[in-house]
Amino acid sequence: MPATALFSSHPSLPDQALANARPPVVTIRAARQGDLESLCAMITALAAHHGDAATPTVAALSNDLFGARPWVTALVAEAGGRLIGYAMLTPLYRANETARGMDLHHLYVDPDHRGTGIGRHLVARAREEAVRAGCAYLSVGAATGNVRAHRFYESEHFTPRPVTGMRYLARL
């Protein structure tokens, strides 16, 4: 499996100037230590977009991505030397099926680059990472009213599944 995936803009894009035209070359790759500040900024932007608070720190994210016991995987989309999107993956397990899974916990593309295919490339790479980790499935959630996200995930062959019951949290 390649460490990075490169793709270029579709040559048949209209000649008109589009605010969200994809850069000529975008690299999808695993996050690196030098990406942490940009990742924290994008995590905060995604939370704000959903009306949530976010307090990511470079130290905590570094530990979770690169520490002695990494907990999450981050993939980034890079163009022109700057990050323009990311996907965050967390492990899952379905004991009743003895099946490993991966949750596409976050998918973010900079507003200036949405609608250009970068999200699709991040999802494709997330699938590759899940397969490489021995996973049988990739899961993703979207807020009930986020119809645009629902359409996107369905177009990426995710099957909607109803959520039943309550989820509880105990602080440790």
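The structure displayed is predicted, hence computed values, not measured ones. (Residues numbered from 1 in each chain as written. Predicted model: local features only at pLDDT ≥ 70, side-chain atom pairs only at ≥ 80, totals over all residues. Heavy atoms only, no water.)

Draft legend 1. View of the confidence of the model for the protein. In this model, the protein carries an average pLDDT of 88, and 87% of its residues clear a pLDDT of 70 or more. Under a pLDDT of 50 for its full length, residues 7–19 has, in the predicted model, 14 contacts with residues more than four places off or in other chains. (pLDDT = per-residue confidence, 0-100. Contact = heavy atoms within 4.5 Å.)

Draft legend 2. Representation of the nonpolar core within the structure. Formed by 22 residues in total, the largest nonpolar core has its most connected members in Val26, Ala77, Leu89, Leu104, Ile118, Leu122 and Leu138. At the level of secondary structure, the elements contributing two or more residues to this core comprise strand S2 (25–30), strand S3 (73–79), strand S4 (82–94), strand S5 (99–109), helix H3 (118–132) and helix H4 (147–155). Top contributing element to this core by residue count: H3, with five residues. Not counting residues up to four positions away in its chain, the partners in contact with alanine 77 are Val26, Thr27, Ile28, Arg82, Leu83, Ile84, Gly85, Ile118 and Leu122. (Core = buried A, V, L, I, M, F, W, Y, C linked by side-chain atoms within 4.5 Å. Buried < 20%, exposed > 50% of the residue type's maximum accessible area, 1.4 Å probe, protein only. Helix = DSSP H or I, 4+ residues; strand = E, 2+ residues; numbered from the N terminus.)

Draft legend 3. Representation of the pattern of salt bridges. Summed over all chains, the structure comprises eight salt bridges. With its nearest N and O atoms 2.7 Å apart, the salt bridge here joins arginine 29 to aspartate 35. Note on accessibility: arginine 29 and aspartate 35 belong to one class, buried. Put simply, glutamate 156 and arginine 127 hold a salt bridge, and the shortest N to O gap is 3.7 Å. Of this pair, glutamate 156 sits in the segment after H4 while arginine 127 sits in helix H3; the two residues are 29 residues apart in sequence, bridging distant segments of the chain. A single salt-bridge network, built from bridges that share partners, covers Arg125, Glu128, Glu129 and Arg132. (Salt bridge = Lys/Arg side-chain N within 4 Å of Asp/Glu carboxyl O.)

Draft legend 4. Representation of unusual backbone geometry within the structure. A positive phi is found at threonine 98, a non-glycine position, where the angle reads about 45 degrees. The topology assignment puts threonine 98 in the loop between S4 and S5. Accessibility expressed as a relative area gives 62% for threonine 98, which makes it exposed. The phi dihedral of histidine 157 is positive, around 70 degrees, even though this residue is not glycine. Locating histidine 157 in the fold gives a position in the segment after H4.

Draft legend 5. Looking closely at the environment of leucine 122. By secondary structure assignment, the location of leucine 122 is in helix H3. Owing to a relative accessible area of 0%, leucine 122 belongs among the buried residues under this scheme. Distance from leucine 122 to leucine 75, taken between C-alpha atoms, is 7.2 Å for residues 47 residues apart in sequence. Those residues in contact with leucine 122 that lie beyond four places of it in its chain are Ile28, Leu75, Val76, Ala77, Gly85, Tyr86, Ala87, Leu107, Tyr108 and Val109.

Draft legend 6. Spotlight on helix H1 (residues 36–49). When the terminal C-alpha atoms of H1 are compared, their 20 Å separation across 14 residues agrees well with the 20 Å that a helix rising 1.5 Å per residue should span. Looking only at H1, the buried set comprises Leu36, Leu39, Cys40, Met42, Ile43, Leu46 and Ala47. Each buried residue of H1 sits inside an arc of 165 degrees when the element is viewed along its axis, so together they form one side. The outward face of H1, more than 90 degrees from its buried face, is lined by the exposed residues Glu37, Ala48 and His49. Against the buried residues of H1 lie helix H2 (58–66), S3, S4 and S5. (Expected span 1.5 Å × (residues − 1). Arc of directions from axis to C-beta.)

Draft legend 7. Here's a closer look at the environment of histidine 113. Following the sequence through the fold, histidine 113 ends up in the loop between S5 and H3. In this structure the C-alpha to C-alpha distance between histidine 113 and glycine 85, which are 28 residues apart in sequence, comes to 8.6 Å.

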